Amino acid sequence: MGAWLNEPMTWSNAIILFLWAVVLLLIVLGFVTYAIYYERKVIGWMQLRVGPNRVGPLGLLQTVADIFKLLVKEDTVPRKADRLLFLISPGLAFVPAFAVLAVIPYAKHLYFADLNVGLLYYVALSGISTLAMVLGGWASNNKYALLGGMRSAAQMISYEVPLVISIVGVIMMTGSLNLRDIVEAQGGGWFWQWNFLPQIIGFAIFYIAAVSELNRTPFDLPEAESELVAGYHVEYSGFRFAFYMLTEYVYVYAIAALMTVLFLGGWQAPLPILDFVPGIIWFLIKFAAIVFSFFWIRATFPRLRVDQLMSLGWKVLLPVALLNVFLTALCMELFVK
């Protein structure tokens, strides 16, 4: 597919590209549907419960039923809300979440856009969803929604900084912002050549910051039920609420895929003897392991306080991320010829 995208753009190519985008959207929607089911099953298993088991065989249609219920519920707009901003905010949150998937390479020749600044594209676009959450909280004209929106802005801005700095070491080692080049640089056939070992500090910082960027436990302060009812989307119902939930799980998909590419070798096999397995299979195994770890953390850790959240970001992650850049530069100067 990658080579086909380098052909001159015609109407027929544009239609085919559109159809591929629809296919990707369907794959993402399927992932979201069964990621929610899988998460509920995993947490149930860890808490000695059964989890969804009523709707469909083994409960496989439970999430489908929940989504259908959301879609047919009444779409209400608060009387004193800023109607225009209230209506467009969920869509504004979802569009960047889906657009960043264009630069993810799933295998050597399986990708949608091969940008030389693909990593920069991802970081720049993903920040727009923060604006949508702030707008949704403010437009609702609800004090809890506004507090949730402000928390979301403070948290995402605070953790975006160490998250971006944590990948500077990978960029320095690779010499490229192209995600395919980053995967290729981790080739060689052995798993210890992947970036998660030479960049173990950056990997740890990226993982922690990524969990915070996703607003997931233990960093789910913007949606803290015990304090803010539901946070920035407390006034949303029906399919607009579903859009916010969809955005959250699409970002789970996107950040797990990005982490696979940056630190786990993408489609590269862990050992040379395993090269016969298709690259997409290795990508999916690593991707699934990261998604499982997100669910595991949710079932394990309690929610942090706001002051603990900010202290961790600015006093711990940011200095350590800067130290990692310095150490990477030092090691490259001393050991890389």
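Residues numbered from 1 in each chain as written. Predicted model: local features only at pLDDT ≥ 70, side-chain atom pairs only at ≥ 80, totals over all residues. Heavy atoms only, no water.

Trainee: Mind showing me how you'd approach the packing of helix α4 (residues 83-99) against helix α12 (residues 238-263) here?
Mentor: Between two packed helices, the angle of one axis relative to the other and the distance separating the axes together describe the packing. Relative to each other, α4 and α12 sit at 20°, their axes nearing to 9 Å. Taken together, the axes of α4 and α12 are roughly parallel relative to one another. By crossing handedness, the relation of α4 to α12 is classed as left-handed. In this structure, α4 uses Leu 87, Ser 89, Pro 90, Gly 91, Ala 93, Phe 94, Pro 96, Ala 97 and Phe 98 to contact α12, whose residues at the interface are Arg 240, Phe 243, Tyr 244, Leu 246, Thr 247, Val 250 and Tyr 251. Across the contact of α4 with α12, the residue classes break down as 12 nonpolar, 3 polar and 1 charged. (Axes fitted to C-alpha atoms, helices over the stretch in contact; angles between N-to-C directions. Helix = DSSP H or I, 4+ residues; strand = E, 2+ residues; numbered from the N terminus. Parallel < 35°, antiparallel > 145°, perpendicular 65-115°, else oblique. Left-handed = near helix turned anticlockwise from the far one by under 90°. Contact = heavy atoms within 4.5 Å. Nonpolar A, V, L, I, M, F, W, Y, C, P; charged D, E, K, R; others polar.)

Trainee: Just to check I follow, could you spell out unusual backbone geometry for this structure?
Mentor: A negative phi holds for most residues other than glycine; trans holds for most peptide bonds. The peptide bond linking Thr 217 to Pro 218 adopts the cis configuration, its omega dihedral lying at 10°. Structurally, Pro 218 can be placed in the loop between α10 (200-213) and α11 (225-228). You will see that Leu 58, though not glycine, has its phi angle at about 60°, which is positive. Mapping Leu 58 onto the fold places it in the loop between α2 (11-46) and α3 (62-72). Non-glycine residue Asn 141 carries a positive phi angle of around 55°. Here Asn 141 shows up in the loop between α6 (128-139) and α7 (143-166).

Trainee: Looking at this model, I keep getting lost on the nonpolar core. Mind explaining?
Mentor: It is characteristic of soluble globular proteins that their nonpolar side chains tend to be buried jointly. Grouped together as the largest cluster of nonpolar side chains are 66 residues, with contacts concentrated most on Phe 206, Leu 262 and Phe 294. If one sorts the elements of this core by residue count, α12 sits on top with 15 residues. Not counting chain neighbours up to four residues away, the residues in contact with Phe 206 comprise Leu 163, Ser 166, Ile 167, Ile 255, Leu 258, Met 259, Leu 262 and Phe 263. Listed in part, the 10 residues of the second largest apolar core include Phe 86, Ala 139, Tyr 232 and Tyr 244. (Core = buried A, V, L, I, M, F, W, Y, C linked by side-chain atoms within 4.5 Å. Buried < 20%, exposed > 50% of the residue type's maximum accessible area, 1.4 Å probe, protein only.)

Trainee: Can you help me understand empty space enclosed by the protein in this one?
Mentor: Empty space among the atoms becomes apparent when a probe as large as a water molecule is rolled across them. Enumeration over the complete set of coordinates arrives at 1 cavity of 30 Å³ or more. In terms of lining residues, the largest cavity is bounded by 20 residues, among which Ser 126, Met 156, Glu 213, Leu 214 and Tyr 251 are the most central. Of all the elements in the fold, those that place two or more residues in the lining of the largest cavity are α5 (118-126), α6, α7 and α12. Residue contributions to the lining of the largest cavity peak at 5 residues, all from α12. Here the residues of the lining of the largest cavity sort into 10 nonpolar, 6 polar and 4 charged. (1 Å grid on protein atoms, 1.4 Å probe; cavity = no way out; pocket = protein on both sides within 12 Å on 5 of 7 lines; lining within 4 Å. Points joined across faces, edges and corners; volume = space filled by probe spheres on them.)

Trainee: Where do I start with the environment of Gln 268 in this structure?
Mentor: Relative to the helices and strands, Gln 268 is located in the loop between α12 and α13 (279-298). For Gln 268, a relative accessible area of 15% gives the class buried. Considering only alpha carbons, one finds Gln 268 and Leu 29, 239 residues apart in sequence, at a separation of 26 Å. What Gln 268 contacts, discounting residues up to four positions off in sequence, is Val 183, Glu 184, Gln 186, Gly 187, Trp 194, Trp 282 and Lys 286. Within polar-contact distance, the side chain of Gln 268 engages the backbone oxygen of Val 183 at 3.3 Å. (Polar contact = N/O pair within 3.5 Å; in protein donor to acceptor, adjacent residues only side chain to side chain.)

Trainee: Teacher, can you tell me more about the pattern of salt bridges here?
Mentor: Pairing between side chains becomes possible if they bear opposite charge and their charged atoms approach one another. Tallied over the full model, the rule gives 8 salt bridges. Between Glu 39 and Arg 216 there is a salt bridge, with its nearest N and O atoms 2.3 Å apart. On the criterion of sequence distance, the pair formed by Glu 39 in helix α2 and Arg 216 in the loop between α10 and α11 is long-range, its members being 177 residues apart. Just as Glu 39 is buried, Arg 216 falls in that class too. (Salt bridge = Lys/Arg side-chain N within 4 Å of Asp/Glu carboxyl O.)

Trainee: Explanation requested: the environment of Leu 214 in the structure shown.
Mentor: Inspection of the secondary structure assignment puts Leu 214 in the loop between α10 and α11. Sequence separation between Leu 214 and Tyr 249 is 35 residues; the distance between their C-alpha atoms is 8.4 Å. Beyond its immediate chain neighbours, meaning those up to four positions away, Leu 214 contacts Glu 248, Tyr 251, Val 252, Ile 255 and Phe 294.

Trainee: Just checking my understanding: could you explain the environment of Pro 198 for this structure?
Mentor: Within the fold, Pro 198 resides in the loop between α9 (179-185) and α10. Separated by 64 residues in the primary sequence, Pro 198 and Leu 262 have C-alpha atoms spaced 12 Å apart. With sequence-adjacent residues up to four places away left out, Pro 198 is seen in contact with Met 173 and Trp 192.

Trainee: Explain the packing of aromatic side chains to me, please; I cannot follow it from the model alone.
Mentor: By convention here, two paired aromatic rings are described through the distance between centres and the angle between planes. Scanning the entire structure with this criterion turns up 22 aromatic pairs. Considering the side-chain rings of Tyr 38 and Phe 295, the 5.7 Å spacing of their centres and the 65° angle between planes classify their relative orientation as edge-to-face. Placement of the pair is Tyr 38 in helix α2 and Phe 295 in helix α13, with a sequence separation of 257 residues. Overall, the relative accessible area of 0% leaves Phe 295 in the buried class. A connected cluster of aromatic rings, assembled from ring pairs, spans Phe 31, Tyr 106, Tyr 253, Phe 283 and Phe 287. For Lys 286, the ring lying beneath its charged end belongs to Trp 194, and the centroid distance is 3.9 Å. (Phe/Tyr/Trp six-rings, centres within 6.5 Å; stacked < 30°, edge-to-face > 60°. Lys NZ or Arg CZ within 6 Å of the ring centre and 35° of its normal.)

No statement about biological role is implied by the geometric values presented.
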